[in-house]
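# Results of the structural survey
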Amino acid sequence: MVATVDDLAQAGQSATRRRIPRTDALLADPRLAQATDRLGRPLVKAAIARAQQRARDAEIAPEQVADAAVAELPATAASLTPVLNATGVIVHTNLGRAPLSQAAIGALTAAAGTCDVEFDLDTGTRARQRGRGVLDALRGAVPGAQAAGVVNNNAAALVLAATALATGKEIVISRGELIEIGDRFRLPDLLTSTGARLREVGTTNRTTVSDYQQAVTEQTGFILKVHPSNYRIEGFTSGATVPELAGLGVPVVHDIGSGLLSPHPLLPDEPDAATSLRQGASLVTASGDKLLGGPQAGIILGEETLVRRLLRHPLARALRVDKLTLAALEATIAGPQPPVARALSVSPAALADRAERVVATLAAHAVPADVVATEAAVGGGGAPGVTLPSSAVALPEDLAIPLRAGPAVRGGQLPPVVGRVEKGRLLLDLRSVDPADDTRLIAAILAAAAPA
Ligand SMILES: *Cc1c(COP(=O)(O)O)cnc(C)c1O
């Protein structure tokens with residue numbers, strides 16, 4: 001009998017397959033055994049299975065399977081992957097909005113175990129108020145607020161306000177402020193889901209105080225003023241201000257969106273909680289993870305009686321935040337400037353400097369790159385239309401995919417980098433990158449540019 005070329009190839013293949021190490025043998029590798037303690041057995045076995053499959057597909061040699069399995073190990077037991085945001089959009093909703101400050105990360109890590117979230121260590125009894133520290137920090141930052149509350153997000157704050165103050169009643173709102181807050185979630189739907197009715201006034205571009213005035217009746221729960229945080233209406237426009245609305249005899253709830261607690265010098269058109277309350281708003285609601293730079297949260301500030309009505313409503317229990325959020329939010333407010341605030345105020349010269357240094361390092365490794373002047377944006381977090389002068393490292397466009405998903409990513413040693421492609425080049429905008437991450441950014445670019 002004569003063996004064909006195919007037979008020989010198959011025999012060779014199965015000989016190679018037999019040399020692929022078995023799972024038990026691989027689990028005994030000290031690196032993988034150690035990973036089992038850190039990540040748990042199923043995730044390590046999954047990494048091993050992927051490496052074995054690569055050997056079966058002849059992508060790697062059987063001798064490389066152990067190393068490949070180690071490289072396949074996830075960085076943590078969760079699948080969320082840290083990413084470097086080089087998009088130039090400071091608060092990027094798809095990339096987790098605000099990155100936390102080290103102070104906030106430290107506080108939430110410390111709170112992760114058992115902690116005194118509802119326990120008074122002096123008396124040894126249940127604490128009077130859950131999350132007291134963050135409420136004190138909020139009132140300290142906004143002295144005009146008689147009371148404060150924290151719920152899951154700004155949408156939750158609005159649902160709670162509508163439920164507690166306007167179920168079976170009317171919320172008076174301008175047609176120019178019936179916004180979609182993202183991913184098909186629309187504010188009007190959110191509000192009416194509570195059983196409140198909307199009393200729309202004015203037109204898309206113009207609403208006057210008398211429009212509101214005529215709509216206010218004994219059916220009114222409150223007037224809602226919403227900051228158009230993700231679009232701008234320009235041209236023939238007018239709207240009623242908080243001081244004007246505050247004179248109409250019903251509570252004014254102001255959804256300021258971004259979470260600025262006091263005015264920001266670079267964002268004069270962005271509303272803030274202190275100003276709004278001073279101007280007569282009864283309640284302010286805002287997000288914790290936009291311009292405030294903290295964890296996802298909904299912040300409620302304002303008159304004591306109204307805040308209490310919201311927080312005593314049964315629904316409040318379903319919207320409450322956990323100890324991790326309480327810890328991170330308090331540290332964001334009480335601690336040093338968070339990354340979002342730093343990214344907003346960093347000087348264009350400092351950004352150009354950093355870009356020059358990154359480009360010089362890349363040039364030393366024969367990676368072609370240039371510094372280009374760009375315009376960064378605040379993002380979904382607020383200030384629509386505002387651009388911030390910035391600098392980017394411009395790279396060949398074909399590096400976009402390997403930087404996002406290529407060798408730099410594998411093994412979790414280096415973070416994926418997300419930039420933006422413009423006019424055939426990949427721009428990595430440094431305004432949205434923490435300066436402490438420049439070294440990792442360079443390492444990721446070098447890994448992505450290296451021949452496979
Ligand atoms: C972002 C935003 C919301 C939604 O806030 P979440 O914290 O994402 O729930 C509501 N209103 C305005 C004006 C916003 O900008």
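Scope of this entry: the structure provided in the associated data block. (Residues numbered from 1 in each chain as written. Predicted model: local features only at pLDDT ≥ 70, side-chain atom pairs only at ≥ 80, totals over all residues. Heavy atoms only, no water.)

Pairing is mixed across the open sheet formed by five strands, whose spatial order is β2-β14-β15-β18-β17. The outermost strands of the open sheet, each flanked by one partner alone, are β2 (89-91) and β17 (420-422). Here the average twist between neighbouring strands, direction ignored, is 45°. Summarising the sheet, β2 and strand β14 (residues 370-379) pair through two bridges and their orientation is parallel. Looking at the pairing, V89 lines up with A377 of β14. (Pairing = 2+ DSSP bridges. Helix = DSSP H or I, 4+ residues; strand = E, 2+ residues; numbered from the N terminus. Axes fitted to C-alpha atoms, helices over the stretch in contact; angles between N-to-C directions.)

Within the structure shown, the criterion is met by 22 salt bridges. Its salt-bridge partner being D136, residue R139 comes within 2.9 Å of it at the nearest N-O pair. Taken as a pair, R139 and D136 lie in helix α7 (residues 132-141) at a separation of three residues, close to a single helical turn. Overall, R139 belongs to the partly exposed group, its relative accessible area being 28%. Using a relative accessible area of 38% as the deciding quantity, one classes D136 as partly exposed. The closest approach of N and O atoms between R357 and D353, which form a salt bridge, is 3.7 Å. Taken together, the residues R357 and D353, both in helix α17 (residues 348-364) and four residues apart, mark about one turn of the helix. A network of salt bridges, in which partner residues are shared, links R50, R54, E59 and E72. (Salt bridge = Lys/Arg side-chain N within 4 Å of Asp/Glu carboxyl O. Buried < 20%, exposed > 50% of the residue type's maximum accessible area, 1.4 Å probe, protein only.)

We now examine the side chain of K225. Residue placement: K225 occurs in strand β10 (residues 220-226). By relative accessible area, which is 14% here, K225 ends up buried. Beyond its immediate sequence surroundings of up to four residues, K225 is in contact with E177, A240, V242, L245, V253, H254 and D255. (Contact = heavy atoms within 4.5 Å.)

Residues I171, F222, L224, L283, I300 and L310 are the most contacted members of the largest nonpolar core, which totals 30 residues. Going through the elements one at a time, β5 (147-151), α8 (154-166), β6 (170-174), α9 (187-192), β10, α13 (304-312) and α14 (315-319) are the ones with two or more residues in this core. If one sorts the elements of this core by residue count, α8 sits on top with ten residues. Discounting residues that sit within four places of it in the chain, F222 has contacts with A161, A162, L165, A166, E170, I171, V172, P251 and V253. Listed in part, the 25 residues of the second largest apolar core include L351, A400, V417 and A448. (Core = buried A, V, L, I, M, F, W, Y, C linked by side-chain atoms within 4.5 Å.)

All we've got here are geometric facts, nothing functional implied.
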